[in-house]
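# A closer look at the structure
Next come the chains, spelled out residue by residue.
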Amino acid sequence: MGDTFLGYPRENGAVGVRNQVAVMASVFCAATVAQRIAQNVPGTVALVHPLGCGQVGNDLEMTYATLAGVGRNPNFSAVLVVGLGCERITAPELVLGIAESGKRVEALVIQEEGDTLQAIRKGTAIVRDMAQAAGAQRRQECPASALTIGLNCGASDTTSGIAANPALGVASDKLVAQGGSSILTEVTELIGAEHILARRAVDPKVAEDVLAVIGKSEAMLKNRIQTSCSARRNHLITTGNYEGGLSSVVDKALGGMMKSGSAPVAEVFAYGDAPTRKGLLLLDGPGQDGEASTGQVAAGAQIICFPTGRGTPTGFPGVPVIKITGNPRTYSLMKENIDINAGTVITGEQTLREAGETIYQEILAVASGKPTKAEALGHHEQFCIARLP
Amino acid sequence: MHQEGLSASQTKTALKLNTKDNVAIALTDLAAGDVCRVREDHGETGEVGVLEDVAFGHKVALADLAQDAPVVKYGEEIGRAGAPVRKGGWIHTHNLYCDRGMK
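Residues numbered from 1 in each chain as written. Chains lettered and ligands numbered in written order. Predicted model: local features only at pLDDT ≥ 70, side-chain atom pairs only at ≥ 80, totals over all residues. Heavy atoms only, no water.

### What about the overall build of chain B?
Tallying secondary structure elements over chain B gives 0 helices and 9 strands in all. When its helices and strands are written in sequence order, chain B yields β-β-β-β-β-β-β-β-β. Split into buried and exposed, the 103 residues of chain B put 48% on the buried side. At a minimum sequence separation of 6, the contacts of chain B that also span at least 24 residues come to 46%. Accessible area for chain B stands at about 5,300 Å²; split by element, carbon and sulfur atoms hold 50% of it. (Helix = DSSP H or I, 4+ residues; strand = E, 2+ residues; numbered from the N terminus. Buried < 20%, exposed > 50% of the residue type's maximum accessible area, 1.4 Å probe, protein only. Contact = heavy atoms within 4.5 Å. Areas by Shrake-Rupley, 256 points an atom, 1.4 Å probe, with all protein chains shown as cover.)

### Examining the overall build of chain A
The helix and strand tally for chain A stands at 15 helices and 14 strands. On C-alpha atoms alone, chain A measures out to a radius of gyration of 21 Å, which is about the 21 Å that the 2.2 N^0.38 rule sets for 389 residues. For chain A, the spread of C-alpha atoms along the principal axes amounts to about 60 × 50 × 45 Å. When each of the 389 residues of chain A is scored for burial, the buried share is 59%. Counting only contacts in chain A whose residues sit at least 6 apart along the sequence, the fraction spanning at least 24 positions is 72%. Total accessible area on chain A is roughly 14,900 Å²; 52% of this is exposed by carbon and sulfur atoms. The centroid of the 33 positive side-chain charges in chain A is displaced by 3 Å from the centroid of its 37 negative side-chain charges. (Rg over C-alpha atoms; globule rule 2.2 N^0.38 Å. Lys, Arg positive; Asp, Glu negative; His and termini not counted. Charge placed at Lys NZ, Arg CZ, Asp CG, Glu CD.)

### Quick look at the packing of aromatic side chains
All names here are of chain A. Within the structure shown, the criterion is met by 1 aromatic pair over all chains. A centroid spacing of 5.8 Å and a plane angle of 70 degrees characterise the contact between F316 and F383, whose relative ring orientation is edge-to-face. Here F316, found in the loop between β12 (303-307) and β13 (321-325), pairs with F383, found in the segment after α15 (373-376); they are 67 residues apart in sequence, far enough to count as distant. The burial state of F316 is the same as that of F383; both residues are buried. Across from the ring centre of F306, 5.5 Å away, lies the NZ or CZ of K323, which sits over that ring. (Phe/Tyr/Trp six-rings, centres within 6.5 Å; stacked < 30°, edge-to-face > 60°. Lys NZ or Arg CZ within 6 Å of the ring centre and 35° of its normal.)

### Concerning the pattern of salt bridges
It is possible for side chains of opposite charge to pair when their charged atoms get near one another. Under the definition given, this model contains 24 salt bridges over all chains. In this structure, E194 of chain A engages R100 of chain B in a salt bridge whose closest nitrogen and oxygen atoms are separated by 3.1 Å. Here R100 of chain B lies in the segment after β9 (96-97) and E194 of chain A lies in helix α7 (residues 194-199), a pairing that spans two chains. Residue E194 of chain A is classed as buried on the basis of its relative accessible area of 11%. (Salt bridge = Lys/Arg side-chain N within 4 Å of Asp/Glu carboxyl O.)

### Quick word on the environment of P275 of chain A
By secondary structure assignment, the location of P275 of chain A is in the loop between β10 (265-270) and β11 (280-284). In the structure, P275 of chain A is positioned 25 residues away from G300 of chain A in sequence and 8.5 Å away in space, judged by C-alpha atoms.

### Points about the sheet that holds strand β5 (residues 76-83) of chain A
All names here are of chain A. The strand order β4-β3-β5-β6 describes an open sheet built from 4 strands, whose pairing is parallel. On the outer flanks of this sheet lie β4 (44-47) and β6 (104-109), each paired with one strand and no other. Pairwise comparison of adjacent strand axes, ignoring direction, gives a mean angle of 20 degrees for this sheet. In the packing of helix α2 (residues 57-72) onto the sheet, contacts are made with β3 (20-25), β4 and β5, and the angle to β3 comes to roughly 165 degrees. (Pairing = 2+ DSSP bridges. Axes fitted to C-alpha atoms, helices over the stretch in contact; angles between N-to-C directions.)

### What about helix α8 (residues 204-226) of chain A?
All names here are of chain A. Look at α8: 33 Å from first C-alpha to last across 23 residues, which is about the 33 Å you get at 1.5 Å a residue. On its buried side, α8 packs onto α7, β10 and β11. Where α8 begins, the capping side chain belongs to D203, and its oxygen is found 3.1 Å from the backbone nitrogen of K205. (Expected span 1.5 Å × (residues − 1). Polar contact = N/O pair within 3.5 Å; in protein donor to acceptor, adjacent residues only side chain to side chain.)

### What to know about α2 of chain A
Structurally, the α-helix is built with 3.6 residues per turn, so residues lying three or four positions apart point the same way. All names here are of chain A. Here α2 is 16 residues long and its end C-alpha atoms lie 23 Å apart, about the 22 Å a rise of 1.5 Å per residue gives. Along α2, the residues that are buried comprise D59, L60, M62, T63, Y64, T66, L67, A68, G69, V70 and G71. In this fold, the buried residues of α2 make contact with β3, β4, β5, α3 (91-99) and α11 (289-298).

Next up, the structure:
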């Protein structure tokens, strides 16, 4: 018998771990209207961003794909998309993309409604109806195989690579063994250990994909360094990394990669896309905390697991972010922000395996409804869509 | 008044992250002359006499390493010894080389 949690089964077979209505702006011009509508109805969350117009080509398409993917995420029971009317990414277009999930989704266009107040009034009524329908839904027992977690990290320190990341790797391996999925990304931070990750690929094609995305990321970085005024810096490792005890780029990259445990890499996929396989997945995404989380949520991750050595308070609207620190001092300083103290590995109170089990059990508890500290305190900073040059 | 923190008489520990590793990570600042316990995930697996100061988070050698021997952490090669290193010695950028990502 596999592990289970209490979730919200959706029309398309996916399972939500939260049940909020999302009010998504298709363009930055609609951000305030979307926020006001969300403020009017409890159980609703605003998804606002600075994009959606003045963009072209692959950058525009990646923004569209990401917004549609976030809207399809099973944590949202229904979605209202608010547009202005003349933007590049229109509300009706996003509705089409989100409707593929089978969930209720509607468009509201400010220029068609008349003005801010009329748009807010109509949007509030729509979302009120959506929130009532969501409130009537009940959690049901679901298999852990329905879970996808995003592996991310930020504000790392010496303890990240020796405690929090390897402990998260243990938890990730446990979820993958249950048939669930775990998404590794932050590709720039894998540079130097690509040969080791490629060795874990399920087949030669995936191994090629691993080498290709990490190689592309390194080439892009080199190009930027050559054309910037900071060519004297090493962009992969810092003086602070050395002072903390990291001795090489490979050492640093492996410390980050430890989040993914030892499971085989099942698939490599692009930012804005959703994976087609289960297991450990590599998302071709950037290292910035919010952009990485957003790509993972667009790919269907219902929970983000986030090791942080120095401590960061950020969260994602409608998606729980579990903060894990390997630093006992950070845990005592940031108790209101950090969910799990893996600093027990440093102090000798727990082994990595025991700390990993603690994280895994927390994933199941959070999936069943336990709010993370970032949720309880209302942190929503991580919704940031990555851009293409 | 008694001073808080680790005194020389207290046990010091280093974490060996993978059974294949030939380095362990200092979990407190280690000083020359310390006898440091080596902890693995399945328990304590030995001791190492510390030959020089090794700061928290830095690497202490668990075996004698010849010039150019692979330095193994997480079960993987993270670089090679730039000079012979004795068991109990500090391994870092001064005696480890790895060109990957540096050019």
